[in-house]
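Geometric and topological summary
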There are 2 protein chains.
Amino acid sequence: MKDKDFISYLNSPRIKDVSITDALWKKYIDLVKDVVVPYQWEILNDNVDIPVKSHAIKNFRIAAGFEEGEFEGFVFQDSDVAKWLEAASYVLEKYPNPDLEKKIDEVIELIGKAQWEDGYLNTYFTIKEKGKRWTNLEECHELYTAGHMIEAGCAHFLATGKTSLLEIVKKLADHIYSIFGKEEGKIPGYDGHPEIELALVKLYEVTGDRKYLELAKFFVDERGQEPYYFDIEYEKREKKSHWPGFKSLGREYLQAHKPLRQQKEAVGHAVRAVYLYSGAADVAAYTQDKELFDVCKTLFDDIVKRKMYITGAIGSSAHGEAFTFEYDLPSDAAYAETCASVGLIFFAHRLNKIEPHAKYYDVVERALYNTVIGSMSQDGKKYFYVNPLEVYPKEVEKRFDRHHVKPERQPWFGCACCPPNVARLLASLGRYVYSYNHDGIYVNLYIGSSVQVEVGGVKVLLQQVSSYPFEDMVKIDLKPSKEARFKLYLRIPGWCENYEVYVNGKKEEMQKLPSGYVCIERLWKENDQVVLKIPTEVKMVSSHPQVRSNVGKVAVVKGPVVFCAEEADNGKDLHLVFVDVNGKCKLEFDSNILGGLYTVEVDGFRMAEDDFGEELYKSHRPKFVPAKIKLIPYYAWANRGTNEMRVWLWRSSF
Amino acid sequence: MKDKDFISYLNSPRIKDVSITDALWKKYIDLVKDVVVPYQWEILNDNVDIPVKSHAIKNFRIAAGFEEGEFEGFVFQDSDVAKWLEAASYVLEKYPNPDLEKKIDEVIELIGKAQWEDGYLNTYFTIKEKGKRWTNLEECHELYTAGHMIEAGCAHFLATGKTSLLEIVKKLADHIYSIFGKEEGKIPGYDGHPEIELALVKLYEVTGDRKYLELAKFFVDERGQEPYYFDIEYEKREKKSHWPGFKSLGREYLQAHKPLRQQKEAVGHAVRAVYLYSGAADVAAYTQDKELFDVCKTLFDDIVKRKMYITGAIGSSAHGEAFTFEYDLPSDAAYAETCASVGLIFFAHRLNKIEPHAKYYDVVERALYNTVIGSMSQDGKKYFYVNPLEVYPKEVEKRFDRHHVKPERQPWFGCACCPPNVARLLASLGRYVYSYNHDGIYVNLYIGSSVQVEVGGVKVLLQQVSSYPFEDMVKIDLKPSKEARFKLYLRIPGWCENYEVYVNGKKEEMQKLPSGYVCIERLWKENDQVVLKIPTEVKMVSSHPQVRSNVGKVAVVKGPVVFCAEEADNGKDLHLVFVDVNGKCKLEFDSNILGGLYTVEVDGFRMAEDDFGEELYKSHRPKFVPAKIKLIPYYAWANRGTNEMRVWLWRSSF
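Throughout, a residue's number is its position along its own chain's written sequence, starting from 1. Throughout, the order in which chains and ligands are written sets their labels, letters from A for the former and numbers from 1 for the latter. Per-residue local features of the predicted model are confined to residues with pLDDT of at least 70, and side-chain atom pairs are confined, for both listing and counting, to 80 or more; whole-chain, interface and lining totals are unaffected and use all residues. Note that water and hydrogens are dropped before the side-chain values are worked out from all heavy atoms of the structure.

**Digging into the overall build of chain A**
Comment: elements are numbered from the N terminus, with helices defined as DSSP H or I runs of at least four residues and strands as E runs of at least two. Assigned secondary structure in chain A consists of 19 helices and 22 strands. Each principal axis of the C-alpha distribution contributes one length, and for chain A these read about 75 × 70 × 50 Å. Burial status follows relative accessibility: with a 1.4 Å probe on protein chains alone, a residue under 20% of its type maximum counts as buried, one over 50% as exposed, and anything between as partly exposed. Here chain A, with 654 residues, has 63% of them falling under the buried criterion. When contacts within chain A are restricted to residue pairs at least 6 apart in sequence, long-range pairs at least 24 apart make up 71% of them. Side chains of chain A give 87 positive and 97 negative charges; the mean places of these two sets differ by 2 Å. Contact between two residues is taken to exist if any of their heavy atoms lie within 4.5 Å; hydrogens are not considered. In summary, the charge assignment counts Lys and Arg as positive and Asp and Glu as negative, without counting His or the chain termini. For charged residues, the charge sits on one atom: NZ in Lys, CZ in Arg, CG in Asp, CD in Glu.

**As for the UniProt feature "domain: Non-reducing end beta-L-arabinofuranosidase-like GH127 middle" (unreviewed entry) in chain A**
The positions that UniProt labels "domain: Non-reducing end beta-L-arabinofuranosidase-like GH127 middle" (unreviewed entry) are, in the present scheme, residues 440-535 of chain A. The straight-line gap between the two end C-alpha atoms of residues 440-535 of chain A is 25 Å; of that span, 0% is helix and 59% is strand. UniProt positions are given in the numbering used here, feature names are shortened, and annotations may be inferred rather than shown by experiment.

**A short note on the pairing of strand 6 (residues 458-466) of chain A**
Residue and element names in this part refer to chain A. Going residue by residue along strand 6, you find Val458, Val460, Leu462, Gln464 and Ser466 tucked away on one face and Lys459, Leu461, Gln463 and Val465 left uncovered on the opposite face. In this analysis, strands are considered paired if DSSP registers two or more bridges between them. Pairing of strand 5 (residues 449-455) with strand 6, which is carried by 7 bridges, proceeds in the antiparallel orientation. Counterpart to glutamate 454 in the pairing with strand 6 is lysine 459. Connecting strand 5 to the antiparallel partner strand 6 that follows it, the hairpin turn spans 2 residues, and glycine 456 within it adopts a positive phi of roughly 55°. Pairing of strand 6 with strand 7 (residues 473-480) involves 7 bridges; the strand directions are antiparallel.

**Quick notes on the relation of the copies chain B and chain A**
Here the copies are matched by least squares. The fit uses the C-alpha atoms of residues with pLDDT of at least 70 in both. The two copies are related by a screw operation: chain B maps onto chain A through 180° of rotation and 0.0 Å of translation along the axis, at an RMSD of 0.0 Å. Put plainly, the chains are arranged around a two-fold axis. When C-alpha positions in chain B are compared against the rotation axis, the closest is assigned to B:Asp401, at 3.1 Å. Taken together, the interface assignments show that 100% of the residues at the interface of chain B recur at the interface of chain A, consistent with an identical surface on both copies.

**As for the packing of aromatic side chains**
Two rings belonging to Phe, Tyr or Trp (six-membered ring only in the last case) form a pair when the distance between their centres is within 6.5 Å. Interplanar angles under 30 degrees mark stacking, angles over 60 mark edge-to-face geometry, and anything in between is tilted. As enumerated under the stated definition, the model contains 87 aromatic pairs over all chains in all. With 4.4 Å between their ring centres and 5° between their planes, B:Phe470 and B:Tyr598 make a pair best called stacked. Highlighted residues: B:Phe470 in the loop between strand 6 (458-466) and strand 7 (473-480) and B:Tyr598 in strand 18 (residues 597-607), separated in sequence by 128 residues. Residue B:Phe470 is classed as buried on the basis of its relative accessible area, which comes to 9%. Joined through ring pairs, the aromatic side chains of A:Phe578, A:Phe624, A:Trp650, A:Phe654, B:Phe578, B:Phe624, B:Trp650 and B:Phe654 make up one cluster. Whether a charge lies above a ring is judged from NZ of Lys or CZ of Arg, which has to be within 6 Å of the ring centre and within 35 degrees of the ring normal. Above the plane of the ring of A:Tyr177 lies A:Lys211, whose end atom (NZ or CZ) is 5.7 Å from the centre. Here A:Lys247 stacks its cationic end above the ring of A:Tyr234, 4.7 Å away from the centre of that ring.

**Notes on unusual backbone geometry**
Residue A:Pro469 is bonded to the preceding A:Tyr468 through a cis peptide linkage, with omega at -5°. Among the secondary structure elements, A:Pro469 is positioned in the loop between strand 6 and strand 7. If you check the backbone angles, A:Asp573 has positive phi at about 65° while not being a glycine. In this structure, A:Asp573 sits in the loop between helix 19 (567-570) and strand 16 (577-579). Of the residues examined, A:Asp573 reaches a relative accessible area of 11% and is grouped as buried. Even without glycine at this site, B:Trp134 takes up a positive phi of about 55°. We classify B:Trp134 as buried; its relative accessible area is 8%.

**Quick word on the pattern of salt bridges**
Here a salt bridge means any side-chain nitrogen of Lys or Arg lying within 4 Å of a carboxyl oxygen belonging to Asp or Glu. This structure, assessed with the given rule, holds 128 salt bridges over all chains. For A:Arg491, the salt bridge identified is with A:Asp362, shortest N-O distance 2.7 Å. Of this pair, A:Arg491 sits in strand 8 (residues 484-491) while A:Asp362 is found in helix 15 (residues 358-374), placing the two residues 129 residues apart along the sequence. Residue A:Arg491 shares its accessibility class with A:Asp362, and that shared class is buried. The salt bridge involving B:Lys247 is made with B:Asp231; its shortest N-O contact spans 2.8 Å. Of this pair, B:Lys247 sits in the loop between helix 11 (229-236) and helix 12 (270-286) while B:Asp231 sits in helix 11; the two residues are 16 residues apart in sequence, bridging distant segments of the chain. Residue B:Asp231 is classed as partly exposed on the basis of its relative accessible area, which comes to 30%. Members of the salt-bridge network, linked through shared partners, are A:Asp328, A:Arg548, B:Asp332, B:Glu395, B:Arg399, B:Asp401 and B:Arg402.

**Some words on a negative patch on the surface**
All names here are of chain A. Together, Glu471, Asp472, Glu497 and Glu537 give the surface a local cluster of negative charge. By the secondary structure assignment, glutamate 497 is in the loop between strand 8 and strand 9 (500-503). What makes glutamate 497 exposed here is its relative accessible area of 65%. Patch membership needs two things, relative accessible area over 30% and no salt bridge, and members are linked within 9 Å if like-charged or within 5 Å if nonpolar (Val, Leu, Ile, Met, Phe, Trp, Tyr). The method behind every accessible area is Shrake-Rupley, applied with a 1.4 Å probe, and residues are considered shielded solely by the protein chains displayed.

**Side note on the sheet that holds strand 5 (residues 449-455) of chain B**
All names here are of chain B. Taken together, 7 strands build an open sheet; the order of strands is 1-5-6-7-12-9-10 and the sheet is antiparallel. Taken across any chain shown, the strands that pair with only one partner, and hence form the sheet edges, are strand 1 (18-20) and strand 10 (506-508). Strand-to-strand twist in this sheet, taken as the mean axis angle between neighbours without regard to direction, amounts to 25°. Between N-to-C directions, angles span 0 to 180 degrees; the directions come from axes that are lines fitted to C-alpha atoms, helices contributing only their stretch in contact.

**Some details on the domain arrangement of chain A**
Residues and elements named next belong to chain A. Under the domain assignment, chain A is made up of domain 1 (15-432), domain 2 (438-533) and domain 3 (538-651). A domain assignment, automatic or from a database, supplies the domain bounds used here. A separation of 35 Å is found between the C-alpha centroids of domain 1 and domain 3. Contacts between the two partners involve 31 residues from domain 1, matched on the other side by 30 residues from domain 3. Taking both partners together, domain 1 and domain 3 bury about 2,500 Å²; carbon and sulfur atoms supply 56% of that area. Of all residues in domain 1, Ile310, Tyr327 and Gln378 bury the most surface against domain 3, accounting for 23% of the area lost on that side. Buried surface area refers to the total accessible area, computed with a probe of radius 1.4 Å, that the two partners give up upon joining, counted for both partners together.

**Examining the packing of helix 8 (residues 164-179) of chain B against helix 10 (residues 210-222) of chain B**
Residue and element names in this part refer to chain B. The interhelical angle for the contact between helix 8 and helix 10, taken along N-to-C directions, is 50°, at an axis separation of 11 Å. Here helix 8 lies oblique to helix 10, going by the angle between them. The element helix 8 and its partner helix 10 pack so that their crossing is left-handed. Contacts between helix 8 and helix 10 involve Lys170, Ala173, Asp174, Ile176 and Tyr177 on the former and, on the latter, Lys211, Tyr212, Glu214, Leu215 and Phe219. Looking at the contact of helix 8 with helix 10, its residues break down into 6 nonpolar, no polar and 4 charged. Under this scheme an angle from 65 to 115 degrees is roughly perpendicular, one under 35 degrees roughly parallel, and one over 145 degrees roughly antiparallel; angles in between are oblique. Each crossing gets its handedness from the near helix: less than a right angle anticlockwise from the far helix is left-handed, clockwise is right-handed. Residues are sorted three ways: Asp, Glu, Lys and Arg are charged, Ala, Val, Leu, Ile, Met, Phe, Trp, Tyr, Cys and Pro are nonpolar, and all the rest, Gly among them, are polar.

If you want it as structure tokens, here you go:
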């Protein structure tokens, strides 16, 4: 269904065609299937005894006329249900489950009942502000909420072949198409929170109906044009605000300060930004819009070279949950929202489909191996919204400018965007591990798994065995249904210098392509085996010198995995811990921590404090005592109670 | 008029009896006399073309019935007039000036006309919320505003001998006495913002009327008692707030979380805290309340040992303009309000009067030589409210959690507490330089000046010549009206190890007393000379290791003067500048900077950044190039346009 002449647009495999077997990732996939999706369902139904109630299903029941009551929750509360449906559909696609399917069918029926005759669907504007539809696009997330429902409809159709939700969202999208546009009588507006754009492209992919693509393109292009639509509607509704003070956030907050094609810097609310850019990349791909694609690449570069934490997190400021400016990446004040890393993965993944390059999956890896899985507790029932790189619990407790940081994961949130976002990403992880097109397969991530794809008319089963990045070797077995010539692209991470490639036991000298992949083209036979060695020695890395908060500090990484020091292993006062950059890093599997974790021990020092005395300021030459510093993967932090944590540690010398 | 049996309570000299001649300080005193007081008068009368109008005098004209109009400004706007009157009275006391006296008389007449028959005086509750008097003590600063007027009345009486304002404030204080107290029918409340306490003690000092002291003691003791008065009045006024969200600041914000006598830590709004503690110290002194005095000392220690910036600034958080917790002293996020340093001086000065100790004036010096004079531009017309120790202009512009920091001084503020506070402090500086009692004179500050005091019935003229702390030698000439035995106490700063004392050219081996002063007791004759050498070599100092934001950093000081690096002298990116702690510090008088300043040049390095490339994170060993780092006194920062500034600089080695 996609434009054949946009040559490099890669396919993602179907979820059902990928089986993840990886020791690290299988655990998370199973957690999503067995715990997260069922648990979040109970939360959406208000069946879990936690301080924050969702009310999201109840809103649908009220809107559908099954119950009396008031709307509760945020104006975009419906999107929690939509994202859950999407995640649940992905689970269902891979793991047929009649009970889950029944729940899904029931909630789809309920959603259908809450939909208006004309296709409109939104419980807030059905229950609470009837008659105010489409009057506050800037603040009220109507198209955003619709977008999530559309994504759910596509996912459900692809998972089950059922059209029940797809028909609902087509009707919704058709309604939106009838309302929005440049034509006389239509609203020349767009949503304050991008999302509809990428959702409409998904609907185009599923239905082949080009009007959805057109509408997505309209939303992308109209954003930030003059006259400024959000001011027009603001005047029309007599300057009434849904969120007091919203206007003070400014136009950059929602990436509408100028048309996207003129934007060169990632600004504003980080989630909005990467959702918008993802939609724009989709539009660029399917309309072969090189200009728009170049804008996307510029914005991606701006994020990755100047505005991204080493953990793949983005958003340096709690105010506006936003980007601030280049190289402003404070570890302690970070916003680093989980959803923003999920959105960054969406964006990078799309760019890679258009013009494959290892750098995109370098970013996907950073976000996945650190912020995304780090955002969820090991039991799948608690979540981080904000993912700081440094926590000093007393600071979090006592400083208002750290009030957004929680030192421990929370059971739920009033604004619960993040938990289902992680669920839908992990439940569809298989789609990110591999890409393919008519003449080759791309291995983007080294996650133990198998995939079935069709390349040039030949069915290929690819089986990957890997403990990357904790071990160096990746084994790939290929089983084409018959001998076939095609290309196997293996991503070489940007930080990797000395990879080795073996084909059927024989070392091959393989140069990286300009794309950062190596390409093995041959006539593949049943039981061909490729081995890739990616040395992922533990390294100490520095930040660009313009990152003010990391001057004099190093972080310890192994491949994409970032390590951190926790008080649980190193005692209090991590600000007194110094790493010996000339010392050794010792990787160990420690079966005593959290059910077993790879840890790193580095040599270092601890600054003495008992020789300083009571004064606050004086001439003093600090003393140091040798210390072993124990580090755990960042993704495992905060699973042992409230304690200090630091990713960036002082270096003891230069 | 004070209790004779509270032995160590020292007197301060009258302002008219001290003449400041010091090269550094005379400039500021003259600035206050010639520019600040006249300029602020014009501002109070809305005659200066600046974006923020005061409206303070106009409020009095409206309240007095001379004009129609609305109240404008903050609920405590009257206090700007009161503080100006106090400052102007101090100027007048030293420098008779018929024009200024006429202005003062006129505004006093106006104030008298605005006073109610019963003594009540407050333009906000006269114009805007008539009938709401004393219903919102927590938020509305009525007693605070009264306190400032009382301070003005005392100052005016002492300066001129006129009772015009004194009578007004006595009537006001009598009214307050009739309203507040534990007795049946009285309000058992106190002000959300302390100030009335120390003001009432001043009124007691001036009038000898002990009821004012009693009332001050009542306010000190009642604060924080249960049942909690601020909740009682809140319920009574049906939970109406003057400032939306005020209650969320909590009880610690206004030091009412428990009775003061049970408080051991300085918490909450820093200005409120030090005003309260100052009043409490006064009450302790005049009621010989050792318990209360010990509480004051504990709180002082908590500030000075754990919560004070090296510049004598206090208040680590913009939220609540408040203390946070021990050792939390971020340079960039500092609130460090000018008024808080002024209040800290009030507090330290009072403690020193009760139980003289050099440590109190160590703090006075820190605050005076850095934050206080640094808060005012060199032309006396622009002011800092917030006094950060590190500014990166883009951060201030782009990060909301730095929105309180201004990289340049401002012409005025909506809440204009700071500028007149500095004016009244500097105009009365003479009172801080010396203290005395019946048998001795204390030299607290080494500021070139002369003072006339009476010691044991003998008039003594003391003349001090000093360029401290830029030069080491302090010369003191004593001229008693007749030969007399008394003690001369010289404060030895806490950081000073090798002082030398010479009497009439002969070196004396003088041990410091436990108080940190040296005491020379002799029969003083006309033309006796004491020379004190206080070596104030330039030093690099470290912070206590628990100050997380200063780990690995040093500050350069000379005596109490803290130096800073500015972009104007060192180029951009001060975060890349490293000080060689083994290098030399070269003091130089640079006549090219801001009309001449002592500067320090230190050896150091600059971290190279051009070898890093475009990536954000990678293995890297930074390169350094030698650099000379030029430092200027902190008090002179931000007089050359918006630029980077840092007090705490990286050390290149340990």
